[in-house]
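Each chain is listed here by its residues.
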There are 2 protein chains.
Amino acid sequence: MKYGISVLFGIFGLIATEAALAFDALPDQPPIPADNPMSAAKVALGKQLFFDPRLSVNGTVSCNSCHNVMSSGTDNRSVSVGVGGQKGGRSAPTVWNAAFLTAQFWDGRAATLEDQAKGPILNPIEMGMPNEQAVIDRLSKIPGYVAQFDEVFGGKLSYDNVAKAIAAYERTLLTPNSAFDRYMKGDKEALSSAAERGMKTVRDVGCTACHTGPDFAGPKMPMGQGFYQKFPTFAGTEYEKKYRLADDLGRYTVTKSDGDRNMWRVPSWRNVALTAPYFHNGSVATLDEAVRVMAKTQLDKNLSDRQVKDIVAFLNSLTGEFPEQTLPRLPDYANGSVVETD
Amino acid sequence: MKYGISVLFGIFGLIATEAALAFDALPDQPPIPADNPMSAAKVALGKQLFFDPRLSVNGTVSCNSCHNVMSSGTDNRSVSVGVGGQKGGRSAPTVWNAAFLTAQFWDGRAATLEDQAKGPILNPIEMGMPNEQAVIDRLSKIPGYVAQFDEVFGGKLSYDNVAKAIAAYERTLLTPNSAFDRYMKGDKEALSSAAERGMKTVRDVGCTACHTGPDFAGPKMPMGQGFYQKFPTFAGTEYEKKYRLADDLGRYTVTKSDGDRNMWRVPSWRNVALTAPYFHNGSVATLDEAVRVMAKTQLDKNLSDRQVKDIVAFLNSLTGEFPEQTLPRLPDYANGSVVETD
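This report concerns the structure included in the present document. (Residues numbered from 1 in each chain as written. Chains lettered and ligands numbered in written order. Predicted model: local features only at pLDDT ≥ 70, side-chain atom pairs only at ≥ 80, totals over all residues. Heavy atoms only, no water.)

1. A short note on the overall build of chain A
Here's step 1: Helix and strand counts for chain A come out as 13 helices and 2 strands.
Here's step 2: Principal-axis analysis of the C-alpha atoms gives chain A an extent of 85 × 45 × 30 Å.
Here's step 3: Burial statistics for chain A: of 342 residues in total, 55% are counted as buried.
Here's step 4: For chain A, long-range pairs separated by at least 24 residues make up 70% of all intrachain contacts whose partners lie at least 6 apart in sequence.
Here's step 5: Accessible area of chain A: about 14500 Å², with a carbon and sulfur share of 55%. (Helix = DSSP H or I, 4+ residues; strand = E, 2+ residues; numbered from the N terminus. Buried < 20%, exposed > 50% of the residue type's maximum accessible area, 1.4 Å probe, protein only. Contact = heavy atoms within 4.5 Å. Areas by Shrake-Rupley, 256 points an atom, 1.4 Å probe, with all protein chains shown as cover.)

What follows is the structure in structure tokens.
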């Protein structure tokens with residue numbers, strides 16, 4: 001009888017687990033803000049802008065340079081390289097499924113994709129445009145863009161509308177139908193046994209205290225409100241030293257509030273297998289090491305090799321399907337160049 | 001009677017002109033080398049490689065970075081920017097219709113697209129891979145590439161085959177159906193009257209001594225043999241000084257033969273309106289100035305503003321139609337990064 005109850009609890013436990021985890025398949029659509037409705041023409045314009053290196057001062061860097069949608073939505077570098085070979089301070093997060101996040105950038109300093117898109121274009125070490133007006137002036141020289149802003153935004157070629165178009169395109173960058181999603185929708189063969197074990201391990205170990213929800217980036221929050229955690233939570237580990245994990249003060253650099261020291265937006269696990277190197281400074285080269293680091297610095301746990309392997313298998317099951325897209329055709333500018341050519 | 005004959009000659013002259021110019025519509029297909037036949041799978045592989053920044057040492061530069069097929073096939077810069085923000089010595093020629101050229105690079109140092117493709121990947125200031133083996137080693141880590149080389153080249157992931165795949169893709173980069181091509185095929189409304197005048201002007205002025213053939217890059221030559229001209233031909237002009245036109249010794253840097261000093265492969269006029277800035281050093285910002293410079297330095301002629309305007313109108317009629325393409329999906333590498341991440 002005792003065993004019977006134990007088995008029964010075991011089964012209930014398992015059933016309860018999937019619900020309690022708040023694991024969920026990726027929704028078909030991300031939230032769409034009321035002031036930036038989607039349209040095919042807007043998405044097409046946003047895609048052109050996303051791929052257009054003329055949004056950088058010298059024509060060498062586009063949004064796609066660091067957020068490569070032909071692959072992981074990142075550049076697989078520790079930190080990105082902007083105009084003139086300058087290096088940024090943090091690793092480029094993936095643009096895939098970023099539409100589900102309720103705050104953007106590692107430190108959550110942008111509330112929406114629209115806000116986010118405005119940053120790198122004007123950042124002197126990223127795309128290096130001197131100011132918003134310079135962006136507008138340049139795009140206004142390109143007849144195709146003028147016509148498209150006319151169609152999509154009633155002629156208003158403003159910096160806000162540049163960002164709106166880019167954000168609209170980014171809301172189409174979703175990767176549904178991962179092995180995990182197929183599993184959640186009933187295909188119990190979709191996960192390998194290692195991945196299935198890993199799915200339990202992340203709960204048992206405690207990863208899912210933060211990595212919950214359909215994008216594994218935390219509980220559902222209102223748009224604009226990030227879900228932050230301290231990283232490292234357990235200070236002074238060897239990992240912290242080796243990978244300089246505490247050097248960047250994270251959200252504190254935005255708010256200057258002591259409570260925000262080393263606080264970071266919890267990143268998504270979606271496609272995490274493809275976005276090495278890892279963490280805000282891209283200091284950790286491989287996913288298995290990233291798993292070890294997180295267990296130690298966030299949960300004070302040393303994982304066995306088997307646990308790490310299973311978790312990595314589970315994380316690999318979160319790699320989705322990347323939609324086929326057309327290559328954008330960037331509007332022509334004839335008889336001269338609009339970028340700084342030197 | 002004298003006038004009658006003159007008029008008659010005038011008419012015959014005009015008719016003879018179009019034939020004598022050897023102007024021709026762009027052929028449907030470029031030459032295909034016997035040892036690199038086209039196939040859909042090879043073109044798809046070549047396209048992935050063309051767009052893949054993992055062919056550069058630090059993952060920041062792809063073939064497409066400087067030869068942007070989303071636009072003019074160039075970067076619209078004087079000289080390109082390679083890994084680490086390093087600048088090259090010459091302006092990136094367009095990849096569009098390069099398949100029709102019988103020699104590649106400004107100095108013709110590569111006989112074929114295959115030969116050309118091997119250069120920039122290993123050039124320390126372009127893509128910066130240390131050697132051929134490093135390219136093979138890196139691509140061999142990426143399961144999708146291994147499978148595709150298996151399919152396309154019977155498993156041989158060699159540097160030669162990387163180049164063959166890229167060249168096969170480049171042979172699909174053709175821009176048919178320009179206004180000029182439609183005109184040559186019988187649509188006499190396709191050219192504006194300015195462009196029609198410009199078509200006559202380039203003959204009258206003498207530009208077509210070199211810029212003949214369907215790609216306006218010279219008479220038909222055997223593959224591997226370039227058609228070269230001295231630039232500047234008339235030495236010592238103000239333009240030469242202002243734009244440093246004679247500083248680079250051109251083909252001499254390849255052959256070290258005195259006869260090759262300042263000799264250059266005659267570039268195509270196809271899509272030239274979109275490839276500013278102009279010449280081997282990208283020193284001339286606009287097409288109208290480039291036309292003036294060429295008339296003066298090559299033909300010792302000062303053009304009127306009207307002549308320049310007409311020629312520019314004609315050159316604009318050589319902008320073709322850019323085929324719609326799918327965005328390539330670069331094969332995944334999971335759980336780590338294959339590029340130098342620092």
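From this point, things continue past the structure.
2. Quick look at the relation of the copies chain B and chain A
Here's step 1: Superposition record for chain B on chain A: RMSD 0.0 Å, screw rotation 180°, translation along axis 0.0 Å. What the superposition gives is, in effect, a two-fold axis relating one chain to the other.
Here's step 2: Here 100% of the contact residues of chain B are again contact residues in chain A; the copies associate through an equivalent surface. (Least-squares fit on C-alpha atoms with pLDDT ≥ 70 in both.)

3. Points about the pattern of salt bridges
Here's step 1: Taken as a whole and judged by the stated rule, the model has 30 salt bridges over all chains.
Here's step 2: Residues Arg292(A) and Asp288(A) are paired through a salt bridge, measuring 3.6 Å at the closest nitrogen-oxygen approach. Of this pair, Arg292(A) and Asp288(A) both sit in helix H12 (residues 287–299), separated by 4 residues, roughly a single helical turn.
Here's step 3: Look at Asp288(A) and you get partly exposed, because its relative accessible area is 30%.
Here's step 4: Among the salt bridges present, the one from Arg329(B) reaches Asp332(B), with a minimum N-O distance of 3.5 Å. (Salt bridge = Lys/Arg side-chain N within 4 Å of Asp/Glu carboxyl O.)

4. Description of the environment of Ala313(B)
Here's step 1: Note on placement: Ala313(B) falls in helix H13 (residues 305–316).
Here's step 2: Separated by 116 residues in sequence, Ala313(B) and Arg197(B) place their C-alpha atoms 8.7 Å apart.

5. Regarding the interface of chain B and chain A
Here's step 1: Chain B puts 49 residues into the contact, and the matching count from chain A is 49 residues.
Here's step 2: Here chain B and chain A share an interface that buries about 3500 Å² over both sides, 53% of which is from carbon and sulfur atoms.
Here's step 3: Ranking the residues of chain B by area buried against chain A places Met70(B), Leu327(B) and Asn335(B) at the top, with a combined share of 22%.
Here's step 4: Where chain B packs against chain A, one counts 0 salt bridges.
Here's step 5: Scanning the region where chain B abuts chain A turns up 28 residue pairs in polar contact (both at pLDDT 80 or more). (Buried area = accessible area lost by both parts, 1.4 Å probe. Polar contact = N/O pair within 3.5 Å; in protein donor to acceptor, adjacent residues only side chain to side chain.)

6. Observations concerning the nonpolar core
Here's step 1: Within the largest apolar cluster, 84 residues are counted, with the highest numbers of intra-cluster contacts made by Leu49(A) and Leu49(B).
Here's step 2: Not counting residues up to four positions away in its chain, the partners in contact with Leu49(A) are Leu55(A), Cys63(A), Leu139(A), Tyr145(A), Phe149(A), Val162(A), Ala165(A) and Ile166(A).
Here's step 3: Membership of the second largest hydrophobic core comes to 38 residues, among which are Tyr183(B), Phe216(B), Val284(B) and Ala290(B). (Core = buried A, V, L, I, M, F, W, Y, C linked by side-chain atoms within 4.5 Å.)

7. So, the packing of H12(A) against helix H13 (residues 305–316) of chain A
All names here are of chain A.
Here's step 1: Their axes nearest at 9 Å, the elements H12 and H13 cross at an angle of 115°. Compared by their axis directions, H12 and H13 come out roughly perpendicular. Regarding H12 and H13, the two cross each other, and that crossing is right-handed. Mapping the contact onto sequence places Leu287, Asp288, Val291 and Arg292 in H12 and Val308, Ile311, Val312, Leu315 and Asn316 in H13.
Here's step 2: Grouping the constituent residues of the contact of H12 with H13 by class yields 6 nonpolar, 1 polar and 2 charged. (Axes fitted to C-alpha atoms, helices over the stretch in contact; angles between N-to-C directions. Parallel < 35°, antiparallel > 145°, perpendicular 65-115°, else oblique. Left-handed = near helix turned anticlockwise from the far one by under 90°. Nonpolar A, V, L, I, M, F, W, Y, C, P; charged D, E, K, R; others polar.)

8. A closer look at helix H5 (residues 132–140) of chain A
Each α-helix turn comprises 3.6 residues. Residues three or four places apart therefore point the same way.
All names here are of chain A.
Here's step 1: Along H5, the residues classified as buried are Ala134, Val135, Ile136, Arg138 and Leu139.
Here's step 2: Close packing links the buried residues of H5 with helix H2 (40–51), helix H4 (113–122), helix H6 (143–153) and helix H7 (159–170).
Here's step 3: Taking the backbone nitrogen of Gln133 as reference, a side-chain oxygen 3.1 Å away marks Asn131 as the first, capping residue of H5.

9. With respect to the packing of aromatic side chains
Residue and element names in this part refer to chain A.
Here's step 1: Following the criterion strictly, the structure yields 31 aromatic pairs over all chains and no others.
Here's step 2: A ring pair is formed by Phe216 and Phe314, whose centres lie 6.2 Å apart and whose planes are at 75°; its orientation type is edge-to-face. Of this pair, Phe216 sits in the loop between helix H9 (193–205) and strand E1 (228–230) while Phe314 sits in helix H13; the two residues are 98 residues apart in sequence, bridging distant segments of the chain. Across this residue pair, the class does not change: Phe216 and Phe314 are buried.
Here's step 3: Members of the aromatic cluster, connected to one another through ring pairs, are Phe23, Phe180, Phe216, Trp269 and Phe314.
Here's step 4: Over the ring of Phe105 we find Arg109; its NZ or CZ atom is 3.7 Å from the centre of that ring.
Here's step 5: Directly above the ring of Tyr183 sits Lys188, whose terminal nitrogen or CZ lies 4.1 Å from the centroid. (Phe/Tyr/Trp six-rings, centres within 6.5 Å; stacked < 30°, edge-to-face > 60°. Lys NZ or Arg CZ within 6 Å of the ring centre and 35° of its normal.)

10. Considerations on the side chain of Glu289(B)
Residues and elements named next belong to chain B.
Here's step 1: Inspection of the secondary structure assignment puts Glu289 in helix H12 (residues 287–299).
Here's step 2: On the basis of relative accessibility, which here comes to 14%, the residue Glu289 falls in the buried class.
Here's step 3: Side chain to side chain, Glu289 and Tyr243 meet in a polar contact 2.6 Å long.
Here's step 4: If near-sequence neighbours (up to four positions away) are discounted, Glu289 is found in contact with Tyr239, Lys242, Tyr243 and Val284.

11. Some remarks on unusual backbone geometry
Here's step 1: At the junction of Phe231(B) and Pro232(B), the peptide bond is cis and its omega measures out at 0° in the coordinates.
Here's step 2: In this fold, Pro232(B) is placed in the loop between strand E1 (228–230) and helix H10 (238–242).
Here's step 3: The residue after Ala276(B), namely Pro277(B), is reached through a cis peptide bond having omega -10°.
Here's step 4: Looking at the secondary structure, you find Pro277(B) in the loop between strand E2 (263–265) and H12.
Here's step 5: The phi angle at Asn177(A) is positive, at roughly 65°, despite the residue not being glycine.
Here's step 6: Tracing the sequence through the fold places Asn177(A) in the loop between H7 and helix H8 (179–184).
Here's step 7: The class of Asn177(A) is partly exposed, set by a relative accessible area of 31%.
Here's step 8: We note that Asn271(B) has phi near 60°; this positive angle belongs to a residue other than glycine.
Here's step 9: Structurally, Asn271(B) is set in the loop between E2 and H12.

12. Focus on the packing of helix H9 (residues 193–205) of chain B against H13(B)
All names here are of chain B.
Here's step 1: Between H9 and H13, whose axes approach to 7 Å, the crossing angle comes to 110°. Classed by the angle they form, the pair H9 and H13 counts as roughly perpendicular. Here Ala194, Ala195, Arg197, Gly198, Met199, Thr201, Val202 and Val205 of H9 come into contact with H13, specifically with Arg306, Gln307, Asp310, Ile311, Ala313 and Phe314.
Here's step 2: Residue composition of the contact of H9 with H13, by class: 8 nonpolar, 3 polar and 3 charged.

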